[in-house]
There are 2 protein chains.
Amino acid sequence: VLLHEDGLDPAQFAHELKAYPIRFFYGVPNSQNPSGVTYSEQRRKDIAELLRDKETLLIEDDAYGELNFAGKSLPSFRQYLPEQTIITGSFSKILAPGIRMGWVVAPPAVMEQLVIAKQASDLHSNYLSQRIAYEYLAHEDFDAKIRIIQARYKAQAEQMVSLMKELMPASVRFTTPQGGMFVWVTLPEGISSMEVFERALKEDVAVLPGTPFYTDGGGKNTLRINFSNSTPEKIRVGIERLARVIRDMPRS
Amino acid sequence: VLLHEDGLDPAQFAHELKAYPIRFFYGVPNSQNPSGVTYSEQRRKDIAELLRDKETLLIEDDAYGELNFAGKSLPSFRQYLPEQTIITGSFSKILAPGIRMGWVVAPPAVMEQLVIAKQASDLHSNYLSQRIAYEYLAHEDFDAKIRIIQARYKAQAEQMVSLMKELMPASVRFTTPQGGMFVWVTLPEGISSMEVFERALKEDVAVLPGTPFYTDGGGKNTLRINFSNSTPEKIRVGIERLARVIRDMPRS
């Protein structure tokens with residue numbers, strides 16, 4: 001289903017729901033990866049209404065929910081559809097990706113089945129990681145850590161967007177992230193992001209071409225760039241080089 | 001497929017292979033859980049011949065291979081069917097279950113697909129656990145540790161079996177383990193292992209009723225008992241109490 005700047009296209013979604021017996025819907029309403037799109041409150045209501053009283057379960061992947069630095073958090077689908085919503089969260093983005101831990105919020109009947117399925121699939125999660133997460137949550141101020149991450153990512157995102165406005169050709173479009181870790185870039189039609197990736201890599205700048213995120217092979221002129229993992233100095237040098245690479249690209 | 005003391009029933013297996021287009025066969029040829037059965041060399045050859053030149057992949061779950069304390073290790077199916085055999089190993093039984101790590105030996109074409117499937121399923125294994133396993137394997141004498149485990153489990157198994165021969169009613173049958181961590185017990189028909197489980201638990205002796213291991217709800221008079229996790233003193237007290245519980249059981 002098409003994703004607009006304010007979320008999923010409700011008309012197309014309604015159409016798909018009529019055309020197929022959809023058992024579950026998977027979405028990332030907060031800072032979707034890779035687009036960075038956050039569904040607006042209205043879109044959340046629209047989608048919830050379309051699913052109300054249907055058999056469809058809604059899986060709300062909220063890996064980026066804590067990384068919203070725009071201030072206001074929007075309501076989870078759980079507020080609209082408590083019996084149909086499963087929220088998945090992750091420590092990967094806020095504690096450490098290597099510990100491979102997360103959590104699930106689900107209605108009791110679904111949770112019961114999830115526990116059985118998880119037991120069948122892996123018996124239990126890594127014990128050491130569970131202890132580490134437990135000790136961290138019990139003894140550290142996790143909310144304070146999240147606020148520090150939010151402030152840092154906000155500053156880095158603002159710096160990156162501001163540099164891009166200054167340095168990128170006017171034909172390059174990009175998002176202004178409200179959370180998450182990425183800026184999503186749309187190059188002019190005919191410029192290959194795979195070619196930009198290869199040229200930028202030679203200058204020690206890593207970007208991710210967008211095509212693998214498209215189910216239909218589209219997005220050949222899209223890029224995902226990361227602002228969370230760099231110092232201000234590296235962001236400045238990276239954007240300068242990337243802008244030069246894009247300006248120097250031949251148009252096919 | 002029926003499992004005998006020397007492994008899978010080859011006639012029944014041949015029949016199933018003719019009846020169904022079997023894509024893969026999963027087996028535990030070394031110290032099968034829960035029965036403790038190790039396939040004989042002849043049975044391995046029989047099964048390999050039945051699968052030769054077929055499309056069937058053979059998954060050899062070898063979680064217990066290193067815990068063979070009978071001396072001679074029997075050949076893996078990989079020796080007979082190198083292009084069709086996938087061996088899975090585990091650190092759970094020889095390093096620590098909590099680290100949730102293992103390994104796979106597979107033909108290159110299968111391995112390539114496995115790597116993609118694993119990446120899609122979990123991106124990567126827990127990084128900390130990988131470092132721990134790496135450091136352990138790099139700096140410790142892992143083979144020596146396995147030999148220590150083997151010697152200890154061998155002594156504990158022999159003690160348990162010897163006590164069972166002395167104390168159990170003659171109508172109770174049990175395996176003499178060559179590896180693994182369990183003795184498999186068959187009670188006289190009509191004695192419920194679930195009832196034995198409940199009565200033994202009241203005496204602080206934990207046994208595992210066999211029924212959950214049966215796909216057809218059978219095995220109601222079977223039990224799995226563990227020898228790897230107890231001191232000689234605890235094994236003695238446990239078997240004494242268990243034998244008493246079984247002797248005192250009403251026959252239905």
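Predicted model, so just to flag it, every value in this text is computed and none were measured. (Residues numbered from 1 in each chain as written. Chains lettered and ligands numbered in written order. Predicted model: local features only at pLDDT ≥ 70, side-chain atom pairs only at ≥ 80, totals over all residues. Heavy atoms only, no water.)

Turning our eyes to something else, we now look at the domain arrangement of chain A. It is common to report an interface's size as the accessible area lost on association of the parts. All names here are of chain A. Split by domain assignment, chain A resolves into domain 1 (3-139) and domain 2 (144-247). Each of domain 1 and domain 2 has a C-alpha centre, and the two are 25 Å apart. Every contact between the two is made by 14 residues of domain 1 and, on the other side, 18 residues of domain 2. Across the domain 1/domain 2 interface, buried area totals approximately 1500 Å², and carbon plus sulfur atoms make up 68% of it. For domain 1, the biggest contributors to the area lost against domain 2 are Pro-34, Leu-67 and Phe-69; these three give 44% of the whole. Taken together, the links from domain 1 to domain 2 amount to zero salt bridges. At the boundary of domain 1 with domain 2, the tally comes to seven residue pairs in polar contact (both at pLDDT 80 or more). Of the residues belonging to the side of domain 1 that touches domain 2, the class tally is eight nonpolar, four polar and two charged. (Domains from an automatic or database assignment. Contact = heavy atoms within 4.5 Å. Buried area = accessible area lost by both parts, 1.4 Å probe. Salt bridge = Lys/Arg side-chain N within 4 Å of Asp/Glu carboxyl O. Polar contact = N/O pair within 3.5 Å; in protein donor to acceptor, adjacent residues only side chain to side chain. Nonpolar A, V, L, I, M, F, W, Y, C, P; charged D, E, K, R; others polar.)

Let us look at the pattern of salt bridges. Summed over all chains, the structure comprises 22 salt bridges over all chains. Residue Asp-122 of chain A pairs with Lys-118 of chain A through a salt bridge whose shortest N-O separation is 2.6 Å. Of this pair, Asp-122 of chain A and Lys-118 of chain A both sit in helix α4 (residues 108-122), separated by four residues, roughly a single helical turn. The salt bridge involving Glu-135 of chain B is made with Arg-131 of chain B; its shortest N-O contact spans 2.9 Å. One end of the pair, Glu-135 of chain B, and the other, Arg-131 of chain B, are both in helix α4 (residues 127-139), four residues apart, so they sit about a helical turn from each other. Its relative accessible area of 38% is what places Arg-131 of chain B among the partly exposed residues. (Helix = DSSP H or I, 4+ residues; strand = E, 2+ residues; numbered from the N terminus. Buried < 20%, exposed > 50% of the residue type's maximum accessible area, 1.4 Å probe, protein only.)

Right, let's get into the pairing of strand β3 (residues 24-27) of chain B. Residue and element names in this part refer to chain B. Alternating positions in β3 separate cleanly, Phe-25 and Gly-27 being buried on one face and Phe-24 and Tyr-26 remaining unburied on the opposite face. Relative to strand β4 (residues 57-61), β3 is paired through four bridges, and the arrangement is parallel. Following the sheet pairing, Phe-25 is matched in β4 by Leu-58. Handedness of the crossover joining β3 and β4 through helix α2 (residues 41-51) is recorded here as right-handed. (Pairing = 2+ DSSP bridges. Right-handed = clockwise from strand over helix to strand, strands pointing away.)

All names here are of chain A. Residue Pro-34 is reached from Asn-33 by a cis peptide bond, and omega for that bond is 15°. Structurally, Pro-34 can be placed in the loop between β3 (24-27) and α2 (41-51). Here Arg-100, not a glycine, exhibits a phi torsion of approximately 50°, which is positive. One can find Arg-100 in the loop between β5 (85-90) and β6 (102-105).

All names here are of chain B. There is about 1300 Å³ of room inside the second largest pocket. Lining the second largest pocket are 37 residues, with Leu-3, Gln-32, Pro-34, Ser-35 and Tyr-214 sitting closest to its centre. It is β3 that provides the largest number of residues to the lining of the second largest pocket, a total of three residues. Within the lining of the second largest pocket, the residues separate by chemical class into 18 nonpolar, 15 polar and four charged. Residues from two domains meet in the lining of the second largest pocket; each of domain 1 (3-139) and domain 2 (144-247) gives at least three. (1 Å grid on protein atoms, 1.4 Å probe; cavity = no way out; pocket = protein on both sides within 12 Å on 5 of 7 lines; lining within 4 Å. Points joined across faces, edges and corners; volume = space filled by probe spheres on them.)

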